[in-house]
Structures are given as C-alpha cells and as structure tokens.
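Residue-level listing of the chains:
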Amino acid sequence: MNLTYSKVRGGVSLTIGELRLEVTFPNSKTARVLYMPVSGRRGKSLVVISDSYVEPSIEEVNGALRLSTGELIIEVNPDYSISFMNNRGELLAREVKREVGDNGLGGLWSSQVIVAKGRGFYGLGQHQGLFNYRNHEVYLLQRNPTETALPILVSNVGYGLMWDHYSLSKVKVSELTSDESRIEYWSEDVEAVDYYFILGPSIDDVISGYRRLTGKAPMLPKWAFGYWQSRERYRTQEELINIVKEFRRRGIPIDVIVQDWLYWGKYGWNAMKFDEANYPNPSEMAGEVHKLGARIVISIWPIFGQRTEVYRVFKDKGYLIPGSLNYDPFNEDARKEYWRLIEENFAKVGIDGWWLDASEPELDRPRDPSSDRGTWTFYTGLHDSTTAMGKGSRFMNAYPLMHTKAVYEGQRRSMNRRVVILTRSAFLGQQRHSAITWSGDVHHDWGILAGQIPAGLNFSISGIPYWTTDTGGFFSGDPSTPAYGEVFTRWLQWSTFCPIMRVHGTWYAKEPWMFPEPVYSIIKQYIEFRYRLLPYIYSVAWMVTSRDYTMMRPLVMDFQNDEEVLNIGDQFMLGPFIMVSPVTAPVRRRRVYLPGKNQWFDFWTGKAYTGGSYIDVDAPLDRIPLHVKAGSILPLGPIKANSSEPENPIELRVYDGGDSEFTLYFDDGESYNYENGEYCLIPLRWLSSEGKLIIGDSSGGYCREVNSLQFNVVLVSEGHGTGISPSKPDYSVNYSGRSIEVKVK
C-alpha cells in the first residue's frame, strides 16, 4: 500500500481518518511531528522561535514514505508509525503508538509510545535524586521544591526528544533490551501531539539543536559569576549595607547581596516599593553598595496583596489570572505593566537584578478582603482557571517562561545592561531570558545534598545552562553546631563549581562569620577559590553563548562511549577540564570514577592517574575531590574583592598528556556590546609533543581595553602547580596582544 500524502513547507502531510499527521524539518538535523484533528488548529508555539525549514527529499521505500535531509532520515511506515534514523540508516527511535482523545477540558489528551535506542536517558528538568530515568516514571509539573518540568529527554546514544506541550505530563522510561528502551509519554491537555526529534551525534549537538529551535543563552554580567550572599531576610537598609561592609572588612570576596521579601512593609504584599521606615533612601542604599563594589538583587513576586495599589490596578485592567492574586504573564499588556513597575521602582534607583520568586506559579486564591494574602497551590489553582491565551490546564507549565519573558524583554527595551533573573521554576526556551533557576526551598541534610546534584545535572542537560541551589539548604541548620557546619562546608564546596555560587536560607543567618573555626576559614578559602576560577568560568560562559555549550556537565556529555558513566550522577565536569566529585556524607574519603582513556591529575597533589578506573580519594574537611583532565590549560586569576577588579596576572596551569586548546574571553562584563563584536578573545594552545604553549594573537573589538597581561605558566607535576594558592611559575611572559610561544619542556 502506498501512502497518500501532500507536500507542505519543509515536509509532508498525511490524512489518517479524521486526523492529520505532519512531518517537517526545521533544519537538517531536526524533525517535527504534528498529529491532530483535521479540523483542529495549532496555535503559535510559546517555546520554538525558529521559523526556518529545509526541504527533504521524498521517496517511497518498501511501502514506507522516506524523507531525508542528508543528515536525518524519517520513515513514515505503512501503519503510520514513524522511524528516526541517522544518515547511515541506523534506527535510533520508532514511534509505535500515537493517540489523542477528548479530555473533557475542551482539548485533547495525548499518549505515545516510542521504542528508543539507549541505556541512559536524561533531562526532563529537575527532579530530586533522579539521574538516569531508565526504569523510572516522572510527572512533569512545576512545584516547589526541586520539581521543574522541562519536556526534553536526551539519550546517551546522541539524540533528543522535545515535546512542545505545556500541560501536566507524565514520562515513563522502561528497559526493553540491553540497548533499547520504551518511552511512554502522556499529556493532559494539548491541541496536538507536537514533538521534535533532534539528532546529535554528540549530546552537545543535541543541546545546540534545542537552542537553535528555542533561542540562545545570552551572556550574564560578569558579577553574576561571583559570590552571592542572601538570607531570609535583611530587614533594613542599614543592615544590608553593613553586611557588605563586613565582607570588605574581613577581606572576603563578594559580588551580590540579595534583598529578600517583606521590604514592602506597610504597603502590602509585593507592593513594588520599599517601606521608608526601614529603607528610607533606596537610591542611597544602592549607591553605597555599588561604592563597596557589590550589586543588589531584589525579590519580586508574581502575587499582589489585596491591600496594595498594584493589585487594584491589575485587577481593574484585567491583568490578573481570574480568581487569583497572580498577574497573568500570558497577557502582553500585563507583562509590560509588570516590567514598568520594576523599572520605575527598582531599576531607576539602582537595583541590579531580579529574583522572581514563586514562579511555578505559587497561585494565591484570595480568602477575604481583609487578608492581604490568600491560600496557594501549585497545580489545581491555575489548572482550573484561565489565562489570556486559554485554559490554565493547557498552559500551566509555561508560566515561568512567560514570567521571565516580561522582565527580560522589558529590560532589553529599556537599557543596554545585561539582565539577571533568579527564578524558582523554568520551562523550555527560558535560557533566552537570562534566567538562573534555583532548586527551591530544600532542607539541609545529607540526603537532600546528595539528591540535589543529579537534579542539577539533569537540569543542565535539559539545555538551560544556569542553575544554583540554596547552599546549606533553605531550611538551615545552626551554624554553631558541628553537624551543620560539616553539611554546609560540603555544600559550599560543591557550590563553588556550580554555574552560580549562592548562599541563602532561613531560620539562621549563614554569612561566613556565623560559623566557628575551622569552618569559617574553609568557607573563606572556597569563596576565594571561586574568584581564582573566574577567568575559566567566564570564558566557559562565552562558550555557552557562542557555541551552545553546557557549563555544568554530566559525565555522559564528555564520555558518551564510556558505559560506566551512564548512572554516575554525583560527579560532573565544570567546563572542559575540571571534574568535580562532591562529598555527600560525613566521611573523609570517597570513591571516584576516572572516565575515559586519558590520564587525570589530582588538583590537590598533582599525582596522575589512568582513566577508566575507580580510585579512593582522600577528602579531609577542607578538600573536595577535584581532578583535571590530562591535556588541559586551566587559567586561574588572582584572588580579588569582586569580579570587576583586574584579572592580572593569570596563572596558566598546563596538565600534560595530550594537546589542548582553550580561549580566554574578556568584555566589559555589563552591556550587550559583545553582540556587536565588543569582546576580546585570546587563544591558548598546548602542543604536548613539542612541549610548547602558544598564546595566540588577540581578536575582537574590546582588545583595546584589555591591558597588557602577565601570564605565569606552570607545568603541573606531582607536588608542583597544585591547590588553590598561586604556584611558583615555570615561566612568566608579558603579553600585549601578539602571539607568544613558550617552550615549557
């Protein structure tokens, strides 16, 4: 039987009774599958912003309809199942079942079964304690804490599946054979089955394909990669300023101080203004913090108390989700008004960044007019209400995407200053809004710490690069106690190597000086370590923006062919060179797997080990196990008070064992001028067989602003070029933008 089809832009359409199946190609490595009633209409995607298509070749092969771009092959089989193959004809996945039906909500439920090649499946956002989803079931629903719904699933074989569905969904991955798995995907309320197959072959290629569809991740300002200090909460303008002063007095680096909620005081919940009784001059407060070399990020909610003027205005204009105290970010005018209030009341007085709390959303339903707040839920409230775009049940998981859109697009219209958003939830495409997601209001014990690591790794491999936690847990322990001091120390050591290093919590203050020795000195040491890493971290951030790279990397991303890493969710790479193995129990030794066939150097001792093996690593309280891949060039800057101080000299630690390349990145750290070429790139290249380091010619419009640099080159060996402190250089060279070759061995 020959399949009857019609051509559409980028592919084909087939009619199956009262349903329509479309297979199209947004690009040569991505296919879109759309399945819906013939009479139905698919609205504009909230997630996918690419409108490009490529035209495939079309032929009939053994009764199947074969579409090919030259890189990706799709076959629609005679039974209307769909096979996904690479250009060698290797079958990667086959959708064997596809159903839709009336859900009683005015839309459709959908159900699919996909037989997929792979033993490791990752992504889906953030789910406490889960890493490889094989033989697990996950509900995709935004909830605090640590449940973030991102409907993208990545196989260790090197492809991804992304669903453009916004409703409650459920994913179950089951083992079929040693190399095959069964994926069951169900959604509660959709217009259509609408999903994308993204071909690698590397996992980095899959992430790049995802961002090609949904948007690039812009550069964060450089200060966002420094140390963040937060607490629930600083209660006065004076207290906030004095905290920053105390950091400076003690010589502890800091870039960000965070003002949590209730600063609005007498004006009511989230009134978008400071109560003058405790914050008499916000502009003066911001100015003083800036003079001290730090920035302020402020907590802002999507909920307005019934006694606030903002609530009355939003209610009168129809900007609230019906039956709630939450504004409706699916309403474009509501988004613009929300940003206008932020700009007028906070940006113009000097506040630097936006902490968008409760963005799942935590939906408040009013109790009575005399109460400012309501009762809140994460699912039922929005599910049974409506948004400006339609039923809450259909759009609910996309709330954080639209909420961050309000602030990102508002600020981009208003000023040439990089956006920083910290938020408690996320959805597909949110990387394009400069959003940092944190894992929510977690507790502080060892089990929670251990479960946070795979949660963060799965979030990162879902394509959104910037993630953080409440270091030490939101519900904090007592810093004066040995047990909590140890938990906090291990958590902070891990946070040093997260994309964003941030301390926050309630019940107890957690500034470094709240902890007794030896914990205090260890905390100070790791904050200083973060600043030594800034040249590396900021250059990796440029890789995120320019190359769709991932900063915090599950081992499967770099060692895709090493089956041992498929279930290792407590080790990861920070960038291309550093492997981090956090300690998640009150122990002084842990087992570490060294992946791949290359050698690894212990960061603390310089001792070299052979890859493809397990080792037991000493982990005294002041040491997190770190290993650097042989064939690495690790740039380390000076310890400094904040990120804006000069990075000069830069130590270049060379870990021999193979050739290596890395590019140092510099810009003004503040503006979007880098989008117009205002940056400076300095290429580094290590040629192992020649024992030669080449510091290449600089390039880019910002190089005129990069003063001459001193590079201290260290060839790492056992006992040499180790630890946090600057090493005695083997060679020092002065660099002014022209290529230099350094013979090191």
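Residues numbered from 1 in each chain as written. Predicted model: local features only at pLDDT ≥ 70, side-chain atom pairs only at ≥ 80, totals over all residues. Heavy atoms only, no water.

Caption draft 1: The arrangement of the overall build of the chain in detail. Within the chain one finds 13 helices and 45 strands. Computed over C-alpha atoms, the radius of gyration of the chain comes to 26 Å, within 12% of the 27 Å expected from 2.2 N^0.38 for 745 residues, which places it in the range of a compact globule. Expressed as lengths along the three principal axes of its C-alpha atoms, the size of the chain is roughly 75 × 70 × 50 Å. Counting all 745 residues of the chain, 65% fall into the buried class. Taking the 80 positively charged and 88 negatively charged side chains of the chain as two groups, their mean positions are separated by 1 Å. (Helix = DSSP H or I, 4+ residues; strand = E, 2+ residues; numbered from the N terminus. Rg over C-alpha atoms; globule rule 2.2 N^0.38 Å. Buried < 20%, exposed > 50% of the residue type's maximum accessible area, 1.4 Å probe, protein only. Lys, Arg positive; Asp, Glu negative; His and termini not counted. Charge placed at Lys NZ, Arg CZ, Asp CG, Glu CD.)

Caption draft 2: Spatial organisation of empty space enclosed by the protein. Counted by the stated rule, this structure contains two cavities of 30 Å³ or more. Class assignment for the residues of the lining of the largest cavity results in two nonpolar, no polar and five charged. Considered as a void within the structure, the second largest cavity measures approximately 30 Å³ in volume. Forming the walls of the second largest cavity are A217, P218, Q431, S434, A435, P465 and Y466. (1 Å grid on protein atoms, 1.4 Å probe; cavity = no way out; pocket = protein on both sides within 12 Å on 5 of 7 lines; lining within 4 Å. Points joined across faces, edges and corners; volume = space filled by probe spheres on them. Nonpolar A, V, L, I, M, F, W, Y, C, P; charged D, E, K, R; others polar.)

Caption draft 3: Quick peek at the layout of surface pockets. Roughly 710 Å³ of volume is contained in the largest pocket. Lining the largest pocket are 36 residues, and of these G43, K44, S45, L46 and V48 sit closest to its centre. Partitioning the lining of the largest pocket into residue classes produces 15 nonpolar, seven polar and 14 charged. Space inside the second largest pocket adds up to approximately 510 Å³. What lines the second largest pocket is a set of 28 residues, and nearest its centre among them are K222, S644, E645, P646 and E647. For the lining of the second largest pocket, a count of residues per class yields nine nonpolar, nine polar and 10 charged.

Caption draft 4: A look at the nonpolar core. The biggest cluster of nonpolar side chains holds 206 residues, and the ones touching the most others in it are M162, F225, W228, I300, Y338, F346 and W354. When residues of this core are assigned to their parent elements, the largest contribution, nine residues, is made by helix α12 (residues 534-547). In this view, W228 contacts W223, V256, V258, V297, V420, L422, I436, I500, M501, R502 and V503; residues no more than four positions away in its chain are not counted. Counting 43 residues, the second-largest nonpolar core is a separate cluster that includes L92, V190, V193 and F197. (Core = buried A, V, L, I, M, F, W, Y, C linked by side-chain atoms within 4.5 Å. Contact = heavy atoms within 4.5 Å.)

Caption draft 5: Main features of the sheet that holds strand β43 (residues 709-715). The strand order across the open sheet formed by four strands is β38-β39-β43-β44, and the pairing between neighbours is mixed. Each edge of the open sheet is held by one strand with a lone partner, namely β38 (632-636) and β44 (731-735). Direction aside, the axes of adjacent strands within the sheet are offset by 25° on average. Sheet topology note: the strand β39 (residues 650-655)/β43 ladder contains five bridges and is parallel. Its bridge partner lying in β43, E651 is registered against N712. (Pairing = 2+ DSSP bridges. Axes fitted to C-alpha atoms, helices over the stretch in contact; angles between N-to-C directions.)

Caption draft 6: Expanded view of helix α1 (residues 203-214). With 12 residues, α1 ought to run about 16 Å at 1.5 Å a step, and its terminal C-alpha atoms sit 17 Å apart, in line with that. For α1, the complete set of buried residues consists of I203, V206, I207, G209, Y210, R211, L213 and T214. Just downstream of α1, G215 is the residue with a positive phi angle, here 120°. (Expected span 1.5 Å × (residues − 1).)

Caption draft 7: Highlighting the sheet that holds strand β20 (residues 295-300). In spatial order, the strands read β28-β27-β26-β21-β20-β19-β18-β29; together these eight strands make up an open sheet with parallel pairing. Each edge of the open sheet is held by one strand with a lone partner, namely β28 (467-468) and β29 (501-503). Sheet analysis places strand β21 (residues 353-356) next to strand β26 (residues 421-423), joined by three bridges and oriented parallel. By the bridge assignment for β26, L356 is matched with T423. Relative to the sheet, helix α2 (residues 237-250) contacts β18 (227-229), β19 (256-259) and β20, its axis offset from that of β19 by approximately 160°.

Caption draft 8: How the structure looks around the environment of D333. Topologically, D333 is positioned in helix α5 (residues 332-345). For the pair D333 and A406, spaced 73 residues apart in the sequence, the C-alpha separation amounts to 9.6 Å.

Caption draft 9: Structural context of the packing of aromatic side chains. All chains considered together, the criterion is met by 55 aromatic pairs. Where Y263 meets F346, the ring centres are 5.9 Å apart and the plane angle is 85°; that geometry is what we call edge-to-face. Here F346 lies in the loop between α5 and β21 and Y263 lies in the loop between β19 and α3 (282-291), a separation of 83 residues in the sequence. Pair check on accessibility: Y263 and F346 agree, each one buried. Aromatic side chains Y593 and Y614 sit 4.8 Å apart centroid to centroid with 50° between the ring planes, which places their arrangement in the tilted category. (Phe/Tyr/Trp six-rings, centres within 6.5 Å; stacked < 30°, edge-to-face > 60°.)

Caption draft 10: Quick peek at helix α10 (residues 482-495). Its 14 residues place the ends of α10 20 Å apart at the C-alpha level, agreeing with the 20 Å of an ideal helix rising 1.5 Å per residue. Counting buried positions over the 14 residues of α10 gives 12, a clear majority of the element. Burial in α10 covers these residues: Y484, G485, E486, V487, F488, T489, R490, W491, L492, Q493, W494 and S495.

Caption draft 11: The arrangement of the pairing of strand β42 (residues 692-695) in detail. Here β42 shows a buried face lined by K692 and I694 and a second buried face lined by L693 and I695. In this structure, strand β41 (residues 680-687) lies alongside β42, joined through four bridges in antiparallel fashion. Within β42, the residue paired with R685 across the bridge is I694. If you look at the hairpin formed by β41 and β42, you'll find four residues sitting between the two strands, and G691 has a positive phi there, around 60°.

Caption draft 12: Focus on the packing of helix α4 (residues 309-316) against α5. Contact pair α4 / α5: the axes reach a minimum separation of 11 Å and the direction vectors enclose 160°. Taken together, the axes of α4 and α5 lie roughly antiparallel to each other. As α4 runs across α5, the sense of the crossing is right-handed. Along the contact surface, α4 presents V310, V313 and F314, while α5 presents A334, E337, Y338 and L341. For the contact of α4 with α5, the residue count by class is six nonpolar, no polar and one charged. (Parallel < 35°, antiparallel > 145°, perpendicular 65-115°, else oblique. Left-handed = near helix turned anticlockwise from the far one by under 90°.)

Caption draft 13: Just the pattern of salt bridges, in detail. A complete count under the given rule lists 55 salt bridges for this structure. A salt bridge links R704 to E705; its shortest N-O distance comes to 3.7 Å. Residue classification places R704 among the exposed residues on the basis of a relative accessible area of 57%. The exposure class of E705 is partly exposed, given its relative accessible area of 45%. Salt bridges here are not isolated pairs; linked through shared partners, they connect R32, R42, D164, D189, E191, D194 and R394. (Salt bridge = Lys/Arg side-chain N within 4 Å of Asp/Glu carboxyl O.)

Caption draft 14: Quick look at the side chain of Q431. Its place among the elements puts Q431 in the loop between β26 and β27 (435-438). Not counting residues up to four positions away in its chain, the partners in contact with Q431 are Y210, R211, T214, G215, K216, A217, P218, G463, I464 and P465.

Caption draft 15: Highlighting unusual backbone geometry. Cis geometry is found at the peptide bond from N144 to P145, where omega equals 0°. Along the chain, the position of P145 falls in the loop between β12 (136-140) and β13 (147-155). Backbone torsion omega between E360 and P361 reads 15°, so that peptide bond is classified as cis. Take P361: it is sitting in the loop between β21 and β22 (363-366). A positive phi angle, close to 70°, is found at Y80, a residue other than glycine. Mapped onto the elements of the fold, Y80 is located in the loop between β7 (72-76) and β8 (82-86). The exposure class assigned to Y80 is partly exposed, which follows from its relative accessible area of 21%. Positioned with a positive phi, N270 is a non-glycine residue whose angle comes to about 55°. Structurally, the position occupied by N270 is in the loop between β19 and α3.

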